[in-house]
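Now for the letters of each chain:
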Amino acid sequence: MIQPIRPRRSALYLPASNPKALAKARTLPADVVILDLEDSVAPEHKAEARAMAVVAVAEDGFGRRELVIRANGLGTSWGEDDLSAIAAAGPDAVLVPKVSSVAEVRAYDAALAAAPAHTQLWIMIETCACLPLLHDLAACAAETRLSGFVLGTNDLAKEMHARLSPARTPFLPVLTMTVAAARAHGLVVLDGVCNEFRDLDLFRAEAEQGLEFGFDGKTLIHPDQIEPCNAVFSPSPAEIAWAEAVEAAFVLPENAGKGAIKVDGKMVELLHLDQARRVLAVVAAISGET
Ligand code: COA
Ligand code: MG
């Protein structure tokens, strides 16, 4: 299923057990807010975090922000209770961790059977076992609620025994293949987090790398990362001007019926018109016009 375009430049995680962060997230310019019940919540706070996430969905106050809850895995002692509470709460999406098989995607989909139709399923791409299966996992979108991939570079680095260097060299094939599988099946695809939340130069470079690979946006851990992330993932004035010029050129009478034309001294084809329309749709979504 092709998803309507929504701005998903910045997706901020916060521990759902942190009331201060929950209040603050309603005021921050993140496109997506992910209430975490999993890695950032200690076992003794799991039940409390689940209850707080459910209350947050009911109270809302998140405006245009897309509200997502990250559940604990079905293989843990909290997973089933998380999924049934989230299904009843009905956030925009539920994000599930450490998925390594098509059977797991189906199990999460089944666990959300009672959720409202608008509740999407997003899965973390963060295990070694899922890497050869990216296309099979993404193809589940045709028959389940699955509509998003979220890269989990911290867990992946842990499993691979890889180092999280600024260039992310060990993960470059994963970035490519994750985006390609998501695009092949119409999924949203978000990049992993940058742990160095005090180093915004490093953050910006990593966000630009994610943009270059084709991600829709990046997951974040700290409010200071939101503004640079939104800036990186918003189409630039030059890109918007190019998109408008391409769209305008194709409707000129002298270009009627042509597949390849000239804009600003360069060849553009109908595939570029599709790209231009996507840029303009993203701009409209960011400005709230769609
Ligand atoms: N969402 C919302 N608000 C957040 C936030 C987040 N992810 N992280 C920090 N804040 C708030 C703090 O509560 C504080 O609010 P205040 O100004 O009202 O006091 C402000 O932003 C500044 O926070 P700061 O002191 O710089 O950071 P910290 O030491 O309180 O927290 C972390 C640092 C890393 C523990 C925290 O940012 C965090 O929990 N991040 C999310 C972790 C997570 O969800 N991980 C799972 C996915 S990898
Ligand atoms: Mg994790």
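Notes on the structure in this doc start here. (Residues numbered from 1 in each chain as written. Chains lettered and ligands numbered in written order. Predicted model: local features only at pLDDT ≥ 70, side-chain atom pairs only at ≥ 80, totals over all residues. Heavy atoms only, no water.)

## Observations concerning the layout of surface pockets
In this approach the atoms are scanned with a rolling probe the size of a water molecule, which exposes any empty space left behind. Note the threshold: Buried and open spaces are told apart on a 1 Å grid over the protein atoms alone, a cavity being a set of points where a 1.4 Å probe fits but cannot get out and a pocket being an open set with protein on both sides within 12 Å along at least five of seven lines. Residues with an atom within 4 Å of a point are the lining residues. Grid points are joined across faces, edges and corners, and a volume is the space filled by probe spheres set on the points. Note on conventions: DSSP H or I runs of at least 4 residues are helices, E runs of at least 2 residues are strands, and numbering of each starts at the N terminus.
Taken as a whole, the largest pocket holds about 820 Å³ of empty space. Taken together, 29 residues line the largest pocket, and the ones lying closest to its centre are Arg 183, Gly 214, Asp 216, Arg 278 and Val 282. Where the lining of the largest pocket is concerned, the elements lending two or more residues are helix H9 (226-233), helix H10 (237-250) and helix H11 (270-286). Ranked by residue count, the leading element in the lining of the largest pocket is H11, at six residues.

## What about the packing of helix H2 (residues 46-59) against helix H3 (residues 79-89)?
Our working rule: Every axis in this analysis is a line fitted to C-alpha atoms, fitted for helices over the stretch in contact. Angles between the N-to-C directions lie between 0 and 180 degrees. The labels follow the angle: roughly parallel below 35 degrees, roughly antiparallel above 145, roughly perpendicular from 65 to 115, and oblique for the rest. Note on contacts: a residue pair qualifies if any of its non-hydrogen atoms lie within 4.5 Å across the two residues. Residues are grouped as follows: Ala, Val, Leu, Ile, Met, Phe, Trp, Tyr, Cys and Pro are nonpolar; Asp, Glu, Lys and Arg are charged; every other residue, Gly included, is polar.
Following both chains from N to C, one finds H2 and H3 inclined at 10 degrees, their axes separated by 10 Å at the closest point. Taken together, the axes of H2 and H3 are roughly parallel relative to one another. Between H2, through Arg 50, Val 54 and Val 57, and H3, the contact on the second element is made entirely by Asp 81, Asp 82, Ala 85 and Ala 89. Of the residues belonging to the contact of H2 with H3, the class tally is four nonpolar, no polar and three charged.

## Side note on the site of ligand 1
Defined as follows: The criterion for a residue being near a molecule or strand is simple. One of its heavy atoms has to lie within 4 Å of it. As used in this structure description, the phrase polar contact means that two N or O atoms lie within 3.5 Å; if the pair is within protein, one of them must be able to donate a hydrogen and the other to accept it, and residues adjacent in sequence are counted only when both atoms belong to side chains. Each accessible area value is a Shrake-Rupley result obtained with a 1.4 Å probe; residue values ignore everything except the protein chains displayed when judging cover. Occupancy of a cavity or pocket is assigned to a molecule whenever over half of its atoms lie within 2 Å of that pocket's grid points.
Taken together, 15 residues lie near ligand 1, and Tyr 13, Lys 20, Arg 198, Ile 221 and His 222 sit nearest. Note that a nitrogen atom of ligand 1 is positioned 2.8 Å from one of the backbone N or O atoms of Tyr 13. In the model, an oxygen atom of ligand 1 is placed 2.7 Å from a nitrogen or oxygen of the His 222 side chain. Contact with the protein chains hides 63% of the accessible area of ligand 1, taken as 900 Å² for the molecule alone. According to the grid-proximity analysis, the pocket containing ligand 1 is the second largest pocket. Broken down by element, the shell around ligand 1 gets its largest block of residues, four residues, from strand S1 (residues 10-15). Of the residues assigned to the shell around ligand 1, the class counts are eight nonpolar, two polar and five charged.

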